[in-house]
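# Observations on chain architecture
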Amino acid sequence: MRIHRAHTFRAVAWTVTAAALASTLSLGPAAAAEPACPPAEPQQKPANTCPVPPAKKPPAKKQAAKKQAPKKTAAKKQASDKQAAARKQAARKQAARKQAADKQAARKQAAKKQAARKQAAEKQAARKPSPQAPTAACRPPRPKPQPPASCQTTPRKPAAQQPAAKKPSAQEPTTQRPPRKRPPAKRPPAKKPPAQRKQLKKDHGWRSEGLYIDAADLRKVNVFLARARKAERTISPQVRSIARRTKATVVSFDERLRQPESVKRAVARTMQGDPTMTAEDALGRINNSVRYILQWPDRSYVKGVQDTTKLLAGWKNANLRWSNTWARPRGFKAISSSWRANDSGHPYELQFHTPKSRAAQRQIRPLYVEAHRSRTTSQRRAQIQGQINRIYATVPCPAGSQLLNGPRRRSAERKAVNGGQYVRAVPVMARNPFTVHEPLKP
């Protein structure tokens, strides 16, 4: 229908154009002056004709693609699942192959080991001689080849054969002597280890600066020092309690135990001065293996000393020695006392000082050490004593300190402590001032 309309429209157009041309040719120039009709626009289309819309193929493709998309994803997923399953199955097969190969290798190795064991057992069995087969020692000796009677040549002695290597048989007696057995070589004595040598030297005794203590006496000195360390554990609490009650200061508390070398020197010096004295007697004179210093100011010195002696006597500590040197014009100025502990029965020293007397004691310490050396001459000792007197001359004497006395001494017999009977023994005052009043280390 549309095609028919188009052809009709074209036929009409061509008729109109033909008529117009004919009119122009017939009229001539006048007709030419008239305005010609505008040509019909071929681009314009009649109103009754509608443009044909193009076919929309893309939406159809999109819909088809949308319909095919889930199918493709499902196919891809299915293919990936198949590939994963195939991979898993291949891995399982490979693991099974590997396991089978490992088992086969283990079997081969076990078979090799078993074969090696059998071979070793066969070799060992082959080495052992059988009871039926005769050994080399039991076999009869082979007869020597003798030359014919016509030949008078002397047989040659074999050079390589040794007579000792061939064992004689019972049929052929030999005239060769058996080899002498050499005595085994004497081994040198084993050397002692260095630890035993060191122990022997240590137990041999003690020597220092020309002084000597043998091994037996040294053991007694060590027992005495051990007893002093044990007794200090019960004496120190009492001294601290006294200092707290009397408001005193405990000076050089860290040096309350005398040095072992100092005790050994004192014992050796005492025994060297008197050859008849034993180690027990020399140790009995040592009262300062445990020692303390209590210090008060000048104004409270007398009262502090009196309260201390009362407390010690109340705790049943026996006074062994009381030396008040405040009234001396020269030398050591202080109060030095020795006590015997009630609990342990061990002697200890207790000194009562003022601040200035303690400072003087520290000042004379190097001189005291020099005077006690064995190589110090008597002239040098006299000079040292003069210096000590000048130092102590500057120490003031507290009021009433010259009249201080120790408590009354108890009976001589004491109770048995640690398996030994302790008896009150007041040591003999030596003439040497250095041995009577031995100051502590500064």
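Predicted model, so just to flag it, every value in this text is computed and none were measured. Along each chain, residue indices are assigned from 1 in the same order as the chain's sequence is written. The model is predicted, so local features are restricted to residues of pLDDT at least 70 and side-chain atom pairs to those at 80 or more, both for listing and for counting; the totals for chains, interfaces and linings are taken over all residues. The basis for every side-chain value is the complete set of heavy atoms in the structure, and neither hydrogens nor water enter the calculation.

### What about the packing of helix α5 (residues 215-246) against helix α8 (residues 301-314)?
Basically, it comes down to this: Axis lines are fitted to C-alpha atoms, over the contacting stretch for helices. Their N-to-C directions set the angle, which ranges from 0 to 180 degrees. Strands here are runs of E lasting at least two residues and helices are runs of H or I lasting at least four, both read from the DSSP assignment and numbered beginning at the N terminus. In what follows, roughly perpendicular refers to angles from 65 to 115 degrees, roughly parallel to angles under 35, roughly antiparallel to angles over 145, and oblique to any angle outside these ranges. Less than a right angle of anticlockwise turn of the near helix away from the far helix marks a crossing as left-handed, whereas a clockwise turn marks it as right-handed. For this analysis, residues touch if any pair of their heavy atoms sits within 4.5 Å. Classification convention: Asp, Glu, Lys, Arg as charged; Ala, Val, Leu, Ile, Met, Phe, Trp, Tyr, Cys, Pro as nonpolar; all other residues, Gly among them, as polar.
Where α5 meets α8, the closest approach of the two axes is 10 Å, and the angle between their N-to-C directions is 140 degrees. Judged by the angle between their axes, α5 and α8 are oblique. The element α5 and its partner α8 pack so that their crossing is right-handed. For the pair formed by α5 and α8, the contact residues are Ile-242, Arg-245 and Thr-246 on the first element and Gly-304, Asp-307, Thr-308, Leu-311 and Leu-312 on the second. Here the contact of α5 with α8 is built from residues that sort into three nonpolar, three polar and two charged.

### Concerning the packing of aromatic side chains
Just so we agree on the cut-off: Note on aromatic contacts: the rings of Phe and Tyr and the six-membered ring of Trp form a pair at centre separations within 6.5 Å, being stacked when their planes are under 30 degrees apart, edge-to-face when over 60 apart, and tilted otherwise. We call a residue buried when its accessible area falls under 20% of the maximum for its residue type, exposed when it is over 50%, and partly exposed in between, using a 1.4 Å probe and counting protein chains only.
Enumeration according to the criterion identifies seven aromatic pairs in this entry. For the ring pair Tyr-301 and Trp-326, a centre distance of 5.7 Å and an interplane angle of 80 degrees mean the geometry is edge-to-face. Note that Tyr-301 is positioned in helix α8 and Trp-326 in the loop between β5 (318-324) and β6 (335-340), a separation of 25 residues in sequence. Pair check on accessibility: Tyr-301 and Trp-326 agree, each one buried. Measuring from ring centre to ring centre gives 6.0 Å for Trp-322 and Phe-352, while their planes differ by 45 degrees; the resulting arrangement is tilted. With a gap of 30 residues between them, Trp-322 in strand β5 and Phe-352 in strand β7 (residues 347-353) connect regions that are remote in the sequence.

### A look at the environment of Leu-350
For Leu-350, the location among the structural elements is in strand β7. Relative accessible area serves as the criterion here: at 1%, Leu-350 is assigned to the buried category. Put simply, Leu-350 and Asn-288 are 62 residues apart on the chain and 8.4 Å apart in space, counted from C-alpha to C-alpha. In contact with Leu-350, not counting residues within four places along its chain, are Tyr-292, Leu-294, Thr-308, Leu-312, Ile-335, Ser-336, Ser-337 and Trp-339.

### Looking at the pairing of strand β2 (residues 211-214)
Basically, it comes down to this: Here a strand pair is declared whenever DSSP counts at least two bridges between the two strands.
Only one face of β2 is buried: it carries Leu-211 and Ile-213, and the other face, with Tyr-212 and Asp-214, is open. Pairing between strand β1 (residues 205-208) and β2: four bridges, direction antiparallel. Along β2, the bridge assignment pairs Gly-205 with Asp-214. As consecutive antiparallel partners, β1 and β2 are separated by two residues, and within that stretch Glu-209 has a phi angle of approximately 55 degrees, a positive value.

### Comments concerning α5
Counted only if it meets this: To estimate the expected span of a helix, count its residues, drop one, and scale the result by 1.5 Å. Consider a residue and the seven residues that end there alongside the seven that start there; fitting an axis to each set, the bend is the angle between those axes.
Over its 32 residues, α5 runs 45 Å from end to end, which matches the ideal 46 Å to within 8%, given 1.5 Å per residue. Of all bends in α5, the biggest is about 35 degrees, found at Glu-232. Positive backbone phi, at 60 degrees, marks Lys-247, one or two positions downstream of α5.

### Describing the sheet that holds β6
Ordered in space as β3-β4-β7-β6-β5, the five strands form an open sheet in which the pairing is mixed. Two strands in the sheet have a free side with no partner beyond their single neighbour: β3 (249-251) and β5. Each strand axis lies, on average, 25 degrees off the axis of its neighbour in the sheet, ignoring direction. Alignment of strand β4 (residues 291-295) against β7, held across five bridges, turns out to be parallel. Bridged to Tyr-292 within β7 is Leu-350. Packed on one face of the sheet, α5 meets β3, β4 and β7 and runs near 5 degrees to β4. Together, β4, β5, β6 and β7 form the strand contacts of α8, whose direction differs from that of β7 by roughly 160 degrees.

### Digging into the nonpolar core
Which entries qualify depends on this criterion: Here, nonpolar core refers to any group of buried Ala, Val, Leu, Ile, Met, Phe, Trp, Tyr and Cys residues whose side-chain atoms link them within 4.5 Å.
With 37 residues, the main nonpolar core has Tyr-292, Leu-294, Tyr-301, Val-305, Ile-335, Tyr-348 and Phe-352 as its most contacted residues. Of the residues forming this core, the biggest block, six residues, is contributed by α5. By size, the runner-up hydrophobic cluster in this structure holds 17 residues, among which are Phe-224, Val-263, Ala-266 and Leu-283.

### A short note on the confidence of the model for the chain
Predicted coordinates in regions of low pLDDT should not be interpreted in detail. Convention followed: As a per-residue quantity, pLDDT reports the predictor's confidence and falls between 0 and 100.
Within the chain, residue pLDDT values average 76, and 66% of them lie at 70 or more. At the low end of the mean pLDDT range in the chain sits helix α12 (residues 433-436), at 34; at the high end sits β7, at 95. Under a pLDDT of 50 for its full length, residues 411-419 has, in the predicted model, 21 contacts with residues more than four places off or in other chains. Taken together, the stretch residues 421-442 has pLDDT below 50 and engages in 74 contacts with residues farther than four places along the chain or on a different chain.

### What to know about unusual backbone geometry
Of note in the backbone geometry, Lys-247 takes a positive phi value of approximately 60 degrees without being a glycine. Along the polypeptide, Lys-247 turns up in the loop between α5 and β3. Even without being a glycine, Lys-316 presents a positive backbone phi close to 65 degrees. By the element assignment, Lys-316 lies in the loop between α8 and β5.

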